[in-house]
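The primary structure of each chain is shown beneath.
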Amino acid sequence: MTALEPTGRLQPYGIMVADDTARVFDAIAQHGGQARYVGGIVRDALLKRDLHDVDIACDLKPEETVIALEKVGIRVVPTGLKHGTITAITDAGSYEITTLRVDVETNGRHAEVAFTDSWFADAKRRDFTFNAIYCDPDGTVYDPFDGETDLREGRVRFIGVAENRIAEDYLRILRFFRFQAWFGRPPIDPVGAEACRKGAQGLLDISAERIREELFKLLRAKSPAGTVGDMIGFGILPTILPQLARTDCLRIMQWLDSTALAVPAIRPDPLRRLASLFVTGDNGADDNLEAAEQLARALRLSNEQTERFAAMVSHAPLIDPNMSVDDIRRDLYRIGADAFRDAVLLAWSTRASVPPRCSRQENEEWKSLIDAATNWQPVKLPIQGRDILAAGLAPAGPRIGELLKQAENYWLDHGFAPGPDDLMAYLASLSKAGEQETQ
Ligand code: ATP
Ligand code: MG
């Protein structure tokens, strides 16, 4: 069997009905090819969710697809030509177009592929039943492994023998849990999960970047804590990221960031959720910082991510729901509203995850810290080094910086109230006192 039989229909919407999408499909058809949606877009359309990336399977060889598209003026990028994938770029969005293919040789990380004209062979090499559903531009659905039933029943099921499919590509272990977090209904499929446990060692050869990407996708699901718990229970995280060893804090974090707090600046955030997986409340700041840096290296986080991550885990232990208004403002001034919110959320989740948890009153106190960040208007020290120089309080050089620091402390101690004249007067009084001392 090489062709697929239609099994149902769906009503196209969103990017599926964009003019540019029709141009892509028409260009391929005019060149004698056949193209169908596949993967995420079909899965999401069956669930009537928002549609994002468009994956298309096509029976033209990649070079032919490029010719077909360029002929009608569509821009093409050869993203993964060796594996049969090119990307068409239009105003409406981009389209990943992959030639029907089979994996002829696999080593757990990469596959050597061969092109085929068999839609069924192409379906069989895909990972899960609901990722191998195809759809014509008019909405005709082809679902060779009854993935739609699995999708509706929340079952992430490998196509073929799970253990074999994992040995072909160990990244599928993480994809299994990622799709479980997004589409699965607990309990997790024990056959798939056991196969993942057996194959976990294979993940040690997968690059940190690919692991990070999958983990972040998983952590973007609305409520991933249960699945992360499965990843710990089935030995996946203990094998690759033993620092991620608790989910109680993530349970609170996911509730705070996606349900409890109606604050526009707060949304599910994979990095913050990651922090909630290993931070413990009574760790010292130094311990937290070291663990954070180790994890950042293991996942090859970018410099920006590493800094943000380190900032939140080192700052969270310093947050106290009863902080004085002055201390809150001092923190907001020093680290900014975003970093302060990160630290508060992390501290709050940590605190609320251990008995006796948080009373309603305590939750209100935590919430008031978040409100302080929301209402914070950034302020700037009202004097600069050149003012000190002009007033003749110090010559050009390091002394200027020292005086600025002193002015800043004074300004912070007085609730940002002193203006430029007050600060200059304060500095003048300091230097007078200094002169008297040296006399
Ligand atoms: P999303 O784009 O929402 O992350 P997706 O299912 O579209 O999800 P992609 O990574 O875009 O995932 O892959 C597109 C399709 O390619 C998948 O649906 C699946 O059929 C196939 N696929 C991707 N990665 C693998 C893999 N490692 N093993 C087998 N099939 C895969
Ligand atoms: Mg996709």
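Residues numbered from 1 in each chain as written. Chains lettered and ligands numbered in written order. Predicted model: local features only at pLDDT ≥ 70, side-chain atom pairs only at ≥ 80, totals over all residues. Heavy atoms only, no water.

A. Expanded view of a negative patch on the surface. A cluster of acidic side chains, namely Asp286, Asp287, Glu290 and Glu293, defines a negative patch on the protein surface. Positionally, Glu290 belongs in helix 14 (residues 285-298). (Patch = residues over 30% accessible without salt bridge, like charges linked within 9 Å, V, L, I, M, F, W, Y side chains within 5 Å. Areas by Shrake-Rupley, 256 points an atom, 1.4 Å probe, with all protein chains shown as cover. Salt bridge = Lys/Arg side-chain N within 4 Å of Asp/Glu carboxyl O. Lys, Arg positive; Asp, Glu negative; His and termini not counted. Charge placed at Lys NZ, Arg CZ, Asp CG, Glu CD. Helix = DSSP H or I, 4+ residues; strand = E, 2+ residues; numbered from the N terminus.)

B. The arrangement of helix 16 (residues 325-352) in detail. Helix length check: helix 16 (28 residues) gives 22 Å between terminal C-alpha atoms against 40 Å at 1.5 Å per residue, more than 12% under. In helix 16, a bend of some 110° at Gly336 exceeds every other bend along the element. (Expected span 1.5 Å × (residues − 1). Bend = angle between axes of the 7 residues up to and from the residue.)

C. Looking closely at the site of ligand 1. Contacts to ligand 1 come from 15 residues, most closely from Arg43, Asn131, Asp169, Arg172 and Arg178. With respect to ligand 1, the side chain of Arg43 contributes an N or O atom lying 2.7 Å from an oxygen atom. One nitrogen or oxygen atom from the side chain of Asp55 is found 2.9 Å from an oxygen atom belonging to ligand 1. About the coverage of ligand 1: the protein hides 78% of its 580 Å² of free accessible area. Of all the secondary-structure elements, those providing two or more residues to the shell around ligand 1 are helix 2 (40-46) and helix 7 (171-183). Two domains each provide a minimum of three residues to the shell around ligand 1, namely domain 1 (8-152) and domain 2 (160-242). (Near = heavy atom within 4 Å. Polar contact = N/O pair within 3.5 Å; in protein donor to acceptor, adjacent residues only side chain to side chain. Domains from an automatic or database assignment.)

D. Seen up close, the domain arrangement of the chain. Looking at the assigned domains, one finds that the chain contains domain 1 (8-152), domain 2 (160-242), domain 3 (246-379) and domain 4 (385-438). On a C-alpha basis, the centroid separation for the pair domain 1 and domain 4 is 66 Å.

E. Representation of the packing of helix 7 against helix 9 (residues 208-219). As a packed pair, helix 7 and helix 9 sit with axes 8 Å apart at the nearest point and diverge in direction by 10°. With respect to each other, helix 7 and helix 9 are oriented roughly parallel. Side by side, helix 7 and helix 9 meet where Leu171, Leu174, Arg175, Phe177, Arg178, Ala181 and Trp182 of the first sit next to Arg210, Ile211, Glu214, Lys217 and Leu218 of the second. Class assignment of the residues belonging to the contact of helix 7 with helix 9 gives a composition of seven nonpolar, no polar and five charged. (Axes fitted to C-alpha atoms, helices over the stretch in contact; angles between N-to-C directions. Parallel < 35°, antiparallel > 145°, perpendicular 65-115°, else oblique. Contact = heavy atoms within 4.5 Å. Nonpolar A, V, L, I, M, F, W, Y, C, P; charged D, E, K, R; others polar.)

F. Expanded view of the pattern of salt bridges. Applying the stated criterion across every chain, the model contains 32 salt bridges. Of the charged contacts, one joins Glu148 and Arg152 as a salt bridge, the two residues approaching to 2.7 Å between their closest N and O atoms. Linking Glu148 with Arg152, this pair stays in helix 5 (residues 147-152), spanning four residues, or about one helical turn. The exposure class assigned to Arg152 is partly exposed, which follows from its relative accessible area of 43%. Here Glu402 ties to Arg399 by a salt bridge, and the two come within 3.0 Å at their closest N and O atoms. Residue Glu402 and its partner Arg399 are both found in helix 19 (residues 398-413); the two are separated by three residues, about one turn of the helix. Each member of the salt-bridge network shares a partner with another, and the members are Arg101, Asp103, Arg165, Glu168, Asp169 and Arg172. (Buried < 20%, exposed > 50% of the residue type's maximum accessible area, 1.4 Å probe, protein only.)

G. Here's a closer look at the nonpolar core. Ile97, Phe177, Ile236, Leu274 and Phe309 are the most contacted members of the largest nonpolar core, which has 124 residues in total. Looking at which element gives the most residues to this core, the answer is helix 16, with 12 residues. Those residues within four positions of Phe177 in sequence are excluded, and the remaining contacts are Ile188, Cys196, Leu218, Thr227, Asp230, Met231, Phe234 and Ile236. One finds Leu4, Val38, Ala132 and Tyr142 within the second-largest nonpolar core, a separate group that totals 11 residues. (Core = buried A, V, L, I, M, F, W, Y, C linked by side-chain atoms within 4.5 Å.)

H. Geometry of the environment of Asp127. Looking at the secondary structure, you find Asp127 in the loop between helix 4 (119-124) and strand 9 (134-135). When the C-alpha atoms of Asp127 and Arg172 are compared, they prove to be 7.1 Å apart, with 45 residues separating the residues in sequence. Setting aside chain neighbours within four positions, we find Asp127 in contact with Arg157, Phe158, Ile159, Arg165, Arg172, Arg175 and Phe179. Engagement of the side chain of Asp127 in a polar contact is seen with the side chain of Asn131, the distance being 3.0 Å.

I. Examining the state of the cysteines more closely. Scanning the model with the defined rule gives zero disulfides in all. You can see Cys58 has no disulfide; the closest cysteine sulfur is in Cys135, sitting 15 Å from it. Its relative accessible area of 0% is what places Cys135 among the buried residues. (Disulfide = S-S within 2.5 Å.)

J. Region of the structure containing the packing of aromatic side chains. Here the structure, examined in full by the defined rule, presents 18 aromatic pairs. Ring centres 5.2 Å apart and planes at 85° place the aromatic pair Phe176 and Phe177 in the edge-to-face group. The exposure class of Phe176 is buried, given its relative accessible area of 0%. Among the aromatic residues, those joined into a ring-pair cluster are Phe128, Phe130, Phe158, Phe176, Phe177, Phe179 and Phe183. Positioned over the ring face of Trp119 is Arg36, at 4.4 Å from the centre of the ring. (Phe/Tyr/Trp six-rings, centres within 6.5 Å; stacked < 30°, edge-to-face > 60°. Lys NZ or Arg CZ within 6 Å of the ring centre and 35° of its normal.)

K. Up close: the pairing of strand 7 (residues 101-106). In this sheet, strand 8 (residues 111-115) lies alongside strand 7 in antiparallel orientation, the contact comprising five bridges. If you follow Glu105 over to strand 8, its bridge partner there is Glu112. Taken together, strand 7 and the strand that follows it, strand 8, pair antiparallel across an intervening segment of four residues, in which Gly108 is found at a positive phi of about 95°. (Pairing = 2+ DSSP bridges.)

L. Seen up close, helix 17 (residues 360-375). Its 16 residues give helix 17 an end-to-end C-alpha distance of 22 Å, which sits within 8% of 22 Å, the value for a rise of 1.5 Å per residue. All of the buried residues along helix 17 are Glu365, Trp366, Leu369, Ile370 and Ala373. For helix 17, the angular spread of the buried residues around the axis is 145°, confining them to a single face. When the buried face of helix 17 is taken as reference, the exposed residues oriented beyond 90 degrees from it are Arg360, Gln361, Glu364 and Asn375. Buried-residue contacts for helix 17 involve helix 16. (Arc of directions from axis to C-beta.)

M. Quick peek at the sheet that holds strand 2 (residues 35-38). Taken in spatial order, the eight strands of this open sheet run 1-10-9-2-3-6-5-4, and their pairing is mixed. Every other strand in the sheet has two partners, leaving strand 1 (8-9) and strand 4 (75-80) as the edge strands with one partner each. With five bridges connecting them, strand 3 (residues 54-58) and strand 6 (residues 93-99) associate as parallel partners. Paired with Ile56 across the bridge in strand 6 is Ile97. Seen against the sheet, helix 3 (residues 62-71) touches strand 3, strand 4, strand 5 (85-90) and strand 6 and runs at an angle of roughly 15° to strand 5.

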